[in-house]
Amino acid sequence: MNSRQTIWACLAISLCLHWFLLQPKWGGAPTPPGESIVIPVNFDISAAAAGGTGLALEQGAVPDEEKTEHEDVIRRLRRQALKKYLAQVHSAVEQRRLPPGADAADLIGNVRYRFRIRADDTFEGIVMQQSSGDARLDAAARRAIEAASGTVKRPDILKGRSWTITMTVKYQYRL
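First, a word on scope: everything that follows refers to the structure included in this document. (Residues numbered from 1 in each chain as written. Predicted model: local features only at pLDDT ≥ 70, side-chain atom pairs only at ≥ 80, totals over all residues. Heavy atoms only, no water.)

## Some thoughts on the overall build of the protein
The secondary structure content of the protein amounts to 4 helices and 3 strands. Counting helices and strands in the order they occur from the N terminus, the protein gives α-α-α-β-β-α-β. Pairs at least 24 residues apart make up 72% of the contacts formed inside the protein by residues separated by at least 6 positions. Carbon together with sulfur atoms contributes 57% to the accessible area of the protein, which is approximately 13,200 Å² in total. (Helix = DSSP H or I, 4+ residues; strand = E, 2+ residues; numbered from the N terminus. Contact = heavy atoms within 4.5 Å. Areas by Shrake-Rupley, 256 points an atom, 1.4 Å probe, with all protein chains shown as cover.)

## Some details on the nonpolar core
Phe115, Ile117 and Ile145 are the most contacted members of the largest nonpolar core, which has 25 residues in total. When residues of this core are traced back to their parent elements, those giving at least two are helix 3 (64-95), strand 1 (109-117), strand 2 (123-130), helix 4 (135-148) and strand 3 (163-171). Top element by residues in this core is helix 4. It accounts for 6 residues. In this structure, Ile145 is in contact with Val93, Tyr113, Phe115, Phe123, Ile126 and Val169, ignoring residues within four places of it in sequence. (Core = buried A, V, L, I, M, F, W, Y, C linked by side-chain atoms within 4.5 Å. Buried < 20%, exposed > 50% of the residue type's maximum accessible area, 1.4 Å probe, protein only.)

## Comments concerning the pairing of strand 3
Burial of the side chains of strand 3 is restricted to one face: Trp163, Ile165, Met167, Val169 and Tyr171 are buried, whereas none of Thr164, Thr166, Thr168 and Lys170 on the reverse face is. As paired elements, strand 1 and strand 3 share 9 bridges and run antiparallel to each other. Looking across to strand 3, one finds that Asn110 is bridged to Lys170. (Pairing = 2+ DSSP bridges.)

## Description of helix 1 (residues 3-21)
End to end, helix 1 covers 27 Å across 19 residues, agreeing with the expected 27 Å (1.5 Å per residue, within 8%). Where helix 1 starts, the residue carrying a side-chain oxygen 3.2 Å from the main-chain nitrogen of Arg4 turns out to be Asn2. (Expected span 1.5 Å × (residues − 1). Polar contact = N/O pair within 3.5 Å; in protein donor to acceptor, adjacent residues only side chain to side chain.)

## Some points on the pattern of salt bridges
A side chain of one charge can pair with a side chain of the opposite charge when the charged atoms of the two come close. Scanning the model with the defined rule gives 6 salt bridges in all. A salt bridge links Arg75 to Asp72; the shortest N-O distance between them is 2.8 Å. With Arg75 and Asp72 both in helix 3 and 3 residues apart, this pair spans about one turn of that helix. You can call Arg75 partly exposed: its relative accessible area is 46%. For Arg142, the salt bridge identified is with Glu146, shortest N-O distance 3.2 Å. Of the two residues, Arg142 and Glu146 are both situated in helix 4; the distance of 4 residues between them amounts to about one turn of the helix. Given a relative accessible area of 41%, Glu146 falls into the partly exposed group. The network of salt bridges with shared partners includes Arg118, Asp120 and Glu124. (Salt bridge = Lys/Arg side-chain N within 4 Å of Asp/Glu carboxyl O.)

## Side note on the sheet that holds strand 3
Sheet strands line up and pair through hydrogen bonds in the backbone, either parallel or antiparallel. Spatial strand order, 2-1-3: 3 strands in an open sheet with antiparallel pairing. Each edge of the sheet is formed by a strand with only one pairing partner; in this case those strands are strand 2 and strand 3. Each neighbouring strand pair of the sheet contributes to a mean axis angle of 25°, computed without reference to strand direction. Looking at chain direction, strand 1 and strand 2 are connected through 5 bridges and run antiparallel. Along strand 2, the bridge assignment pairs Arg112 with Gln130. Running over the sheet, helix 4 touches strand 1, strand 2 and strand 3 and is turned about 35° from strand 1. (Axes fitted to C-alpha atoms, helices over the stretch in contact; angles between N-to-C directions.)

Here you go:
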């Protein structure tokens, strides 16, 4: 090794040693004495669970972690149901965006509307957020939202809730 390689090797070793020796945490955070759980070595599960007078493990208090997991599952199910419901609402609007029997081949653009989905699945407060620049397209999109109002029924897990959403209705050539 030449002197330059020796200096770089010493520098790398020094950095590694300093990093290793100056670590702020060498283990987990110390547990306060009131939060530690000690299970004795001679804890007999079979005697307690076999119908004796002792407290079986299944009869103990439910810890907060399990309650939180249950609440997380419900929250996740609601989120999935809401996502599916809003996709169905969007699909219902998209199905009604072209007026029946009208020549809408020249409608090209996007229009954005904001509206509130009430608890009875109807829409209210339909307000245009961004115009497409074409009054016919804007009016067709508004009619599509009004026509889709109340057509999609929500799942029971979402009953009684209302949301304000913003939806972009897209018009493309012959699509």
